[in-house]
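Summary of the model geometry
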Amino acid sequence: MSHNLLAGKKGIIFGALNEKSIAWKVAQKAVQEGATIVLTNSPTALRMGELEILAKECNAEIIPADVTNMDDLKILFEKSMNILGGKVDFVLHSIGMSLNVRKNIPYVDANYDNLHKGLDISAMSLHRVLQTAWKLDAINEWGSVLALSYIAAQRVFPDYNDMADAKALLESVTRSFGYHYGKHRKVRVNTISQSPTYTKAGTGVKGFDGFYNFADKMSPLGNASADQCADYCISMFSDLTKMVTMQNLFHDGGFSFTGVSQEVLDDN
Ligand code: NAI
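As the structure is a computational prediction, the values presented were derived from the model and not from experiment. (Residues numbered from 1 in each chain as written. Predicted model: local features only at pLDDT ≥ 70, side-chain atom pairs only at ≥ 80, totals over all residues. Heavy atoms only, no water.)

**Digging into helix α4 (residues 70-84)**
Spanning 15 residues, α4 covers 21 Å between terminal C-alpha atoms, matching the ideal 21 Å at 1.5 Å per step. All of the buried residues along α4 are Leu73, Leu76, Phe77, Ser80, Met81 and Leu84. Along α4, the residues classed as buried sweep out an arc of 120° about the axis, all on the same side. Of the exposed residues in α4, the ones pointing more than 90 degrees away from its buried face are Asp71 and Asn82. Buried residues along α4 sit against β1 (10-14), β2 (36-40), β4 (88-93) and α6 (112-136). Capping the start of α4, Asn69 holds a side-chain oxygen 2.9 Å from the backbone nitrogen of Asp71, two or three residues further along. Note on α4: the residue one or two positions beyond its end, Gly85, has a positive phi of about 80°. (Helix = DSSP H or I, 4+ residues; strand = E, 2+ residues; numbered from the N terminus. Expected span 1.5 Å × (residues − 1). Buried < 20%, exposed > 50% of the residue type's maximum accessible area, 1.4 Å probe, protein only. Arc of directions from axis to C-beta. Contact = heavy atoms within 4.5 Å. Polar contact = N/O pair within 3.5 Å; in protein donor to acceptor, adjacent residues only side chain to side chain.)

**As for the side chain of Asp162**
In this fold, Asp162 is placed in the loop between β5 (139-149) and α7 (163-185). Buried and unpaired, Asp162 has no salt bridge, with Arg102 as the nearest side chain of opposite charge at 11 Å. When sequence neighbours within four positions are dropped, the list of residues in contact with Asp162 reads Ser98, Asn100, Val101, Tyr107 and Leu115. (Lys, Arg positive; Asp, Glu negative; His and termini not counted. Salt bridge = Lys/Arg side-chain N within 4 Å of Asp/Glu carboxyl O.)

These results come straight from atomic positions and should not be treated as a statement about function.
Here it is in structure tokens:
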């Protein structure tokens, strides 16, 4: 059901890979709520071809951009403003990748080239996106930029490996850039810290099923789905949350504040 929460708003959505992606659901809901959007992903991801299905459904153009490439990002924002007919109101950064995780390299054995690459793609990229938007003055006042995080940024989840460090940096960039962009143009920047979710990035983490089931049993409301995460993103892009910035917002059914649950105790 649409509430027209994003009527007349324009946005850029990074990170829809397939229909399981959180960004995929956000794109669908943003359009249902009245927004016009541009979709973007890395050239490698676009080769899979699935994004075209979403683009058709959302009547959106696709602009390729590797989020670690400043030239790509500049072209992305310039073209998006052209296509959408002006500055954007919201940006979703829904991107994560760790080469050490992908190659099953334990945290303590980190390969530093991999670590660099992973931090760049998963965290520094938010700085790159914000800096590009700032320089082009590409975001309207009261615009909303969101990135997706995970609680391993703040508490230890050993198998989350160096993605934990990437998410800690992502949350820090959110606060730091959020301060400057708030002062400069009243643009707000937040992260949503989501429950484990069955997507390509999620299931790449070792022991994901265990993570997922444990979190589900710990959370009083159970795990939050990708669909529910998309709903939260829409509310954060809307004018109903105008004074929220520089926050890490838990969207996890209560997991983050639960010490232990009866279900977890009963398992032992
Ligand atoms: P996903 O695998 O569908 O999305 C990750 C996206 O990152 C893909 O579209 C991929 O193409 C994109 N990407 C990777 N390298 C890129 C690059 N160089 N340039 C541009 N894009 C690039 O998985 P999901 O779960 O939808 O991930 C979205 C976000 O949600 C990520 O930040 C992830 O860490 C976060 N998150 C996911 C959770 C989960 O359990 N799935 C839990 C909490 C947060």
